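# Structural characterization, general
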Amino acid sequence: MITLNDLITRFNKDNELAELTDRENYADIDVAVVNMAIRDAEGVVESYLNAVGLVKRSLDGELLYIASATVPEVLQSKTCDIARWYLHDDQVTSEVQKRYDEAIKWFERVQKNPVMLTGIDDKNGNTDGINSGIAVMANPTPNMWKI
């Protein structure tokens, strides 16, 4: 769902990722540490979205968004915020905590209302709020056939 590159793109100003992951020299990004934070963040995402059928695990363990071929930008962004929170460990800044809290609240809302993420509000794939199914109704019995 997210990658190291997604985190670098969003949060590596001032070499933040290296400072959070390279616990000796603060110079190089420790990929193993970042991957652990990504797995932890995706576990949180899975706990919210698997229940409503929006994600599943592939055979190799990758978390997949199944509502469309493209992962929505907002889903990637919120997942990155959670991964960043894990990277900060016990030194979470107020900005990182705020973004984490907002992400969790967003996932709670999406879990209750998946249309926020999918744009689809019924099982037929409609986005207009109208359930377009076929209704079958019996015709009334003609008067001439009534006894």
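Residues numbered from 1 in each chain as written. Predicted model: local features only at pLDDT ≥ 70, side-chain atom pairs only at ≥ 80, totals over all residues. Heavy atoms only, no water.

## Some thoughts on the nonpolar core
- Leu-7, Leu-49 and Leu-75 are the most contacted members of the largest nonpolar core, which has 31 residues in total.
- Elements represented by at least two residues in this core include exactly α1 (4-11), α2 (16-21), α3 (31-49), β2 (63-65), α4 (73-88) and α5 (94-112).
- In terms of residues, this core owes the most to one element, α3, which gives 9 residues.
- Residue contacts for Leu-7: discarding those within four places in its chain leaves Asn-12, Leu-17, Val-34, Ile-38, Cys-80, Ala-83 and Leu-87. (Core = buried A, V, L, I, M, F, W, Y, C linked by side-chain atoms within 4.5 Å. Buried < 20%, exposed > 50% of the residue type's maximum accessible area, 1.4 Å probe, protein only. Helix = DSSP H or I, 4+ residues; strand = E, 2+ residues; numbered from the N terminus. Contact = heavy atoms within 4.5 Å.)

## Quick notes on the packing of aromatic side chains
- All chains considered together, the criterion is met by 4 aromatic pairs.
- An angle of 20° between the planes, with centres 6.1 Å apart, marks the rings of Tyr-48 and Phe-107 as stacked. Taken together, the residues Tyr-48 in helix α3 and Phe-107 in helix α5 connect sequence positions 59 residues apart.
- Among the aromatic residues, those joined into a ring-pair cluster are Tyr-48, Trp-106 and Phe-107. (Phe/Tyr/Trp six-rings, centres within 6.5 Å; stacked < 30°, edge-to-face > 60°.)

## Here's the deal with α4
- With 16 residues, α4 should reach 22 Å at 1.5 Å per residue; the first-to-last C-alpha distance of 23 Å fits that figure.
- Of all 16 residues in α4, 12 are buried; the element is thus mostly enclosed.
- Turning to α4, its buried residues number three or more, namely Leu-75, Gln-76, Ser-77, Lys-78, Thr-79, Cys-80, Asp-81, Ile-82, Ala-83, Arg-84, Leu-87 and His-88.
- Residues of α4 that are buried in the fold lie against α1, α2, α3, β2, α5 and α6 (115-118).
- One or two positions beyond α4, positive phi appears at Asp-89, with a value near 50°. (Expected span 1.5 Å × (residues − 1).)

## Quick notes on the confidence of the model for the protein chain
- The predicted model of the protein chain averages 85 in pLDDT, with 81% of residues at 70 or higher.
- Segment residues 126-134: pLDDT under 50, and 16 contacts once partners within four positions in sequence are set aside and those in other chains are kept. (pLDDT = per-residue confidence, 0-100.)

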